[in-house]
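# Close look at the chain arrangement
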Amino acid sequence: MNKIIHDIGHTILIPFRALQICALRLEGKRNREKFKGQENKVIVFIANYPQGWNSFKPVYDALKKDKKKKVVLVGYVSERYPSSTESFWKKIDPDAVIAKEGQVPSIAALSADLIFRQTPYDDEFPEEYTASKLSKIAKLCYIPYGYQLPNKIHLDSEYNDWFFPFLTAIYACSDVSYQYCMEKKKLYKTTEDIRVFNYGYPRFELLSEVESSGPVSRFLWIPRWSTDEVKNDGSGFFKYSDLLLDYFSKHQELSLWIRPHPLMFGNFIRKNLMSEAEVQEYRRKIEELPNIFLDEGADYIETFSKVDAMIADFSGLVVEFFVSGKPIIYCGDKGKINHDALRIVTLCYNAEDWNSLQSHIEELSRGYDPEKEERRKYCKEFFHRGEHSIAKKIADSCTNEI
């Protein structure tokens, strides 16, 4: 029922959003020519999701090197992402401005010319940092917080009508998201001037192919947070959790890192699929097993370097791990994946049930990886970056194009 009410409300709000955007345009807050070519800009990054920081990091670092620009990090600390702490954001930048409930620093007071907000969902931020409010202060820009594997339904959520209409610039992560945004901006006269760029995904600059050979002994499992099988390709956690713990406990020569989505356990508790006590019991079981580890650190790239193969539900991290050249056992639904990513998933080892998952684990642990060369060949083709870095292109765009 809540979903129906949400959809009806979303539809009703569309014309009001259009009127709101018209008002913003009349105020000149979304005029894309304003500040264009101005080198001495103040650029503010508003971040709330540590696990997604790598989408910002290469661009943030490139802009920080430009002495003509002032770059400010605003870290929003909330219960939604427990790893979003003051110490995490201060480690990235000792001068980071910290926001939290009841203490929300003014973005206008920072004299921002451009604002990058990390996630596109207003309900993850205080009212002062909603897209409509930020767009009245400065030009609102977006770099996707995760690489999008899916087809249209997930893109509708990411580029939702509470966020998309207030943007000045989008740096798409793929050809699919670029084409989607190019079509969406044509829907209203008030969004036709949104700039959409397709320079590549800056996260890929943090990843590199590694030389690996021989048997796989260290596996990473990334269960999904959602339980919506129809629209959101639900989690395989309840399907495989006990089976994986049992299997690896009996195969001490192998090891397993479990890296759940940061929203997973909280979502399961809210939906009464697990109790708080059951989550704690699950954590206790893992602690008692010497070759199984629960990985909830902020930087997944550190984990990528520790393991030899991935077991994955539907996730943007599949594409990023693929860049390493290491094998992936994919447990998600291929039917929900866009054509850009389908070739990647085809070069994974697909598992529909426990028997096929166990078989792939055993084959890889024996060194049987027949897709290795094709995977590496496609990786070089798909992720070729060209002469100039993606982050540098986006940093230059902040001066010359928006």
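Residues numbered from 1 in each chain as written. Predicted model: local features only at pLDDT ≥ 70, side-chain atom pairs only at ≥ 80, totals over all residues. Heavy atoms only, no water.

### Digging into the sheet that holds strand β6 (residues 167-171)
The following threshold applies: A pair of strands is considered paired only if DSSP assigns at least 2 bridges between the two. Only DSSP runs of H or I with at least four residues qualify as helices, and only runs of E with at least two residues qualify as strands; both kinds are numbered from the N terminus onward. Every angle, taken between N-to-C directions, lies between 0 and 180 degrees, and every axis is a line fitted to C-alpha atoms, over only the stretch in contact when it is a helix. Any two residues having at least one pair of non-hydrogen atoms within 4.5 Å are treated as being in contact.
Judged by pairing direction, the sheet is parallel, and its seven strands sit side by side in the order β3-β2-β1-β4-β5-β6-β7 without closing on themselves. Two strands lie at the open edges of the sheet, namely β3 (97-100) and β7 (195-197), each paired on one side alone. Each adjacent strand pair in this sheet contributes to an overall mean axis angle of 20°, direction not counted. Relative to β3, strand β2 (residues 70-77) runs parallel, the two being bridged by four bridges. From the neighbouring strand, Val 74 faces β3, where its bridge partner is Val 97. Relative to strand β1 (residues 42-47), helix α2 (residues 53-64) is tilted by about 160°, and along the sheet it contacts β1, β2 and β4 (114-117). Of the strands in this sheet, β1, β4, β6 and β7 are in contact with helix α15 (residues 390-400), which crosses β6 at around 160°.

### Here's the deal with the layout of surface pockets
Put simply, the test is: Points on a 1 Å grid, built from protein atoms alone, make a cavity when a 1.4 Å probe fits but cannot get out and make a pocket when they are open with protein on both sides within 12 Å along at least 5 of 7 lines; residues with an atom within 4 Å of a point are the lining residues. Grid points are joined across faces, edges and corners, and a volume is the space filled by probe spheres set on the points. The nonpolar class holds Ala, Val, Leu, Ile, Met, Phe, Trp, Tyr, Cys and Pro. Asp, Glu, Lys and Arg form the charged class, and all remaining residues, Gly among them, are polar.
Reported here for the second largest pocket is a volume of approximately 370 Å³. Mapped onto the lining of the second largest pocket, the elements with two or more residues apiece are α2, α3 (86-92) and α10 (300-306). Its residues assigned to classes, the lining of the second largest pocket comprises six nonpolar, four polar and eight charged.

### Here's the deal with the pairing of strand β5 (residues 139-142)
Formally: Burial classification: accessible surface area is computed with a 1.4 Å probe over protein chains only, and a residue below 20% of its type maximum counts as buried, one above 50% as exposed, and the rest as partly exposed.
The side-chain alternation of β5 yields two buried faces, one formed by Lys 139 and Cys 141 and the other by Leu 140 and Tyr 142. With three bridges connecting them, β4 and β5 associate as parallel partners. Of the residues in β5, the one forming a bridge with Leu 114 is Lys 139. For β5 and β6, the ladder comprises three bridges, and the chain directions are parallel. Of the residues in β6, the one forming a bridge with Cys 141 is Ala 169.

### So, the packing of aromatic side chains
To keep it simple, the criterion reads: Ring geometry is summarised as follows: Phe, Tyr and Trp rings, the Trp one being its six-membered ring, pair when their centres sit within 6.5 Å, and such pairs are stacked at plane angles under 30 degrees, edge-to-face over 60 and tilted between the two. In this scheme, the term charge over a ring applies when either NZ of a lysine or CZ of an arginine sits within 6 Å of the ring centre and within 35 degrees of the ring normal.
Applying the stated criterion across every chain yields a total of 38 aromatic pairs. Each ring, one from Phe 88 and one from Trp 89, has its centre 4.8 Å from the other, and the planes form 85°; the classification is edge-to-face. According to the relative accessible area criterion, Phe 88 is buried, its value standing at 18%. Assessed through its relative accessible area of 0%, Trp 89 is described here as buried. Linked through ring pairs, Phe 45, Trp 53, Phe 56, Tyr 60, Phe 88, Trp 89, Phe 116, Tyr 171, Phe 197 and Tyr 199 together constitute an aromatic cluster. If you follow Lys 184 out to its NZ or CZ, it ends over the ring of Phe 164, 5.4 Å from the centre.

### Here's the deal with the pattern of salt bridges
The condition is simple: Note on definitions: salt bridges are taken to be side-chain nitrogens of Lys or Arg within 4 Å of carboxyl oxygens of Asp or Glu.
For the coordinates displayed, the defined rule picks out 19 salt bridges. The shortest N-O distance in the salt bridge between Lys 133 and Glu 127 comes to 3.2 Å. Of the charged contacts in the structure, one is a salt bridge between Lys 186 and Glu 183, with a shortest N-O distance of 3.4 Å. The exposure class of Lys 186 is exposed, given its relative accessible area of 53%. Through salt bridges with shared partners, a single ionic network connects Glu 281, Arg 284 and Glu 288.

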